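# Descriptive analysis of the structure
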Amino acid sequence: MKNLLKEFKEFALRGNVMELAVAVIMGAAFQGIISSLTGDIISPVLGLFGGVDFSNLAINIGDASIRYGAFVTAVINFIIMAFVIFLMVKGMNKLAGLRKTKDSEVDEEKTKTCPYCYTEIPEKAVRCPNCTTVLVKRKKQAAAEIQKED
């Protein structure tokens, strides 16, 4: 039981779970704003042009009232919410793409292979980070580096 609680604590406090919890709370708050936008602004404006207020549309069958206007309002809420989320994700992807191009410029740095351990290293390297071999092409720089170390 103690191990189970420990695993749950690790799961619950993991970064992704906390981010998801914040996203759900923000989504719920944002949903209230979208509902208000639809119910208080869009539905009345559409009612002006169509002469119909969606929220009051209903079919009465016996004692039951089927409020299909509320359903239409919920569909409009969904479409607006999906569109706003689409725009947000599109914007975030564009920002990530800008960062990725900057990162890829750094990653596109030319590399060479160490002749001793065959590790892929930057072309400007004067010493292999894996086997610490002084590379031949830049002997003067490597010698200066070795003297600094001593």
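What counts, and at which threshold
Residues numbered from 1 in each chain as written. Predicted model: local features only at pLDDT ≥ 70, side-chain atom pairs only at ≥ 80, totals over all residues. Heavy atoms only, no water. Helix = DSSP H or I, 4+ residues; strand = E, 2+ residues; numbered from the N terminus. Buried < 20%, exposed > 50% of the residue type's maximum accessible area, 1.4 Å probe, protein only. Contact = heavy atoms within 4.5 Å. Areas by Shrake-Rupley, 256 points an atom, 1.4 Å probe, with all protein chains shown as cover. pLDDT = per-residue confidence, 0-100. UniProt positions renumbered as here; feature names shortened; annotations may be inferred. Patch = residues over 30% accessible without salt bridge, like charges linked within 9 Å, V, L, I, M, F, W, Y side chains within 5 Å. Salt bridge = Lys/Arg side-chain N within 4 Å of Asp/Glu carboxyl O. Disulfide = S-S within 2.5 Å. Lys, Arg positive; Asp, Glu negative; His and termini not counted.

## A closer look at the overall build of the protein chain
- Per the secondary structure count, the protein chain includes 4 helices and 4 strands.
- Out of the 150 residues belonging to the protein chain, those deemed buried represent 13%.
- Long-range contacts, defined as pairs at least 24 residues apart, comprise 18% of the intrachain contacts of the protein chain with a sequence gap of at least 6.
- Here the protein chain has roughly 12300 Å² of accessible surface; of this, 65% comes from carbon and sulfur atoms.

## A short note on the confidence of the model for the protein chain
- Here the protein chain averages 78 in pLDDT, while 81% of its residues score no lower than 70.
- The secondary-structure element of the protein chain with the lowest mean pLDDT is helix H4 (residues 139-149), recorded at 61, while strand S1 (residues 59-61) shows the highest, at 90.

## Description of the side chain of Thr133
- Here Thr133 is to be found in the loop between strand S4 (120-122) and H4.
- If we skip the residues at most four places from it in the chain, Thr133 touches Tyr116, Val126, Arg127 and Cys128.

## Some thoughts on the UniProt feature "transmembrane region" (unreviewed entry) in the protein chain
- Annotation from UniProt places "transmembrane region" (unreviewed entry) at residues 20-46 and 66-89.
- Helix makes up 100% of residues 20-46 and strand 0%, and the two end C-alpha atoms of the span are 35 Å apart.
- With 92% helix and 4% strand, the stretch residues 66-89 has end C-alpha atoms that lie 36 Å from each other.

## Describing unusual backbone geometry
- At Tyr118, a residue that is not glycine, the phi angle is positive and equals roughly 60 degrees.
- With respect to the helices and strands, Tyr118 occurs in the loop between strand S3 (111-113) and S4.
- Classification of Tyr118 as exposed rests on a relative accessible area of 62%.
- Even without a glycine there, the phi angle at Thr132 is positive, about 60 degrees.
- On the secondary structure map, Thr132 appears in the loop between S4 and H4.
- For Thr132, a relative accessible area of 48% corresponds to the partly exposed category.

## Observations regarding a nonpolar patch on the surface
- Where nonpolar side chains cluster on the molecular surface, the patch consists of Ile59, Ile61, Ile66, Tyr68, Phe71, Val75, Phe78 and Ile79 and spans about 810 Å² of accessible area.
- Looking at the nonpolar patch, the elements with two or more residues in it are S1 and helix H3 (68-107).
- If you trace the backbone, Ile61 turns up in strand S1.

## Here we look at the state of the cysteines
- For the structure on display, the rule yields 0 disulfides.
- With no disulfide of its own, Cys114 lies closest to Cys131 among cysteine sulfurs, the gap being 3.7 Å.
- The thiol sulfur of Cys131 is not disulfide-bonded, and the nearest other cysteine sulfur, from Cys128, lies at 3.7 Å.
- For Cys131, a relative accessible area of 27% translates into the label partly exposed.

## Topic: the side chain of Lys112
- Relative to the helices and strands, Lys112 is located in strand S3.
- The side chain of Lys112 sits in the buried core without any salt bridge; Glu123 is the nearest counter-charge, 7.2 Å away.

## Considerations on the environment of Met81
- Looking at the element boundaries, Met81 is found in helix H3.
- Overall, Met81 belongs to the buried group, its relative accessible area being 15%.
- Along the sequence, Met81 and Ile33 sit 48 residues apart, while their C-alpha atoms lie 9.7 Å from each other.
- Those residues in contact with Met81, other than ones at most four positions away along the chain, are Gly27, Phe30, Gln31 and Ile34.

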